[in-house]
Structures are given as C-alpha cells and as structure tokens.
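Structural overview
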Amino acid sequence: MKVTIDKDACTGCALCEDTCPDVFEMQEDIAVVKVDPVPEGSVDSCKQAVEDCPSEAIKIEG
Ligand code: SF4
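Just so you know, the residues in each chain are numbered from 1, in the order the chain's sequence is written. Restriction of local features to residues with pLDDT of at least 70 applies here, the model being predicted, together with a cutoff of 80 or more for giving and counting side-chain atom pairs; totals for whole chains, interfaces and linings are based on all residues. To obtain the side-chain values, all non-hydrogen atoms of the structure were used and water was disregarded.

Relative accessibility decides the category of a residue: with a 1.4 Å probe and only protein chains considered, values under 20% of the type maximum give buried, values over 50% give exposed, and everything between is partly exposed. Strands are runs of DSSP state E lasting at least 2 residues, helices are runs of H or I lasting at least 4, and numbering of each runs from the N terminus. Here strand 2 (residues 24-27) shows a buried face lined by Phe24 and Met26 and an unburied face lined by Glu25 and Gln27. The pairing criterion for strands is at least two bridges between them, as found by DSSP. As judged from the four bridges shared by strand 2 and strand 3 (residues 30-33), these two strands associate in the antiparallel manner. Each residue of the ladder has a partner; that of Gln27, found in strand 3, is Ile30. Taken together, strand 2 and the strand that follows it, strand 3, pair antiparallel across an intervening segment of two residues, in which Glu28 is found at a positive phi of about 55°.

Buried residues of nine kinds, namely Ala, Val, Leu, Ile, Met, Phe, Trp, Tyr and Cys, make up a nonpolar core once their side-chain atoms join them within 4.5 Å. Counting 19 residues, the largest nonpolar core has Val3, Ile5, Val23, Phe24, Cys46 and Ile58 as its most contacted members. Contributing elements (two or more residues each) for this core: strand 1 (3-5), strand 2, strand 3 and helix 2 (43-52). The greatest single-element share of this core, amounting to four residues, is contributed by helix 2. With residues up to four places along the chain from it excluded, the contact list for Val23 reads Val3, Val32, Val33, Lys34, Val35, Val38, Pro39, Ser42 and Cys46. Whether two residues touch is decided by their heavy atoms; if any such pair falls within 4.5 Å, the residues are in contact.

As structure tokens, then:
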C-alpha cells in the first residue's frame, strides 16, 4: 500500500502523525509521508489516519 498527501488540502492538524507516526510526519506546517510502501504493521493505523483526516487529504494509491 502506498499513500500520498495532497499538500494543498492538508491543514496541518497533525492528526495523521498522532494516529500513525511510522508513516506520517509533520514538516513545518504540513504532513508528509515518510515511507513507501506502508509497512505491514502500520497498514491498519494508516487506514485509520486516512479515514480520520478532516480534510480528506490522504489518498491510498493501491
Ligand atoms: S490529518 Fe490530514 S489535514 Fe491533518 S495533518 Fe494529516 S494530512 Fe494534513
């Protein structure tokens, strides 16, 4: 599984980093994806972060 973040949509709330810190990291005021692909052990929390993102900025790319 791979995830990407729409930088224009991200509001920098940091919820994804809180939910899945192995995959998401705040850089200045937006979140970035720091691993590709998402490690097996982080898939569930990553999907949770996708669901919870208030601006729907995180997309799963397969
Ligand atoms: S949860 Fe969504 S809006 Fe919040 S920092 Fe992560 S990608 Fe950005």
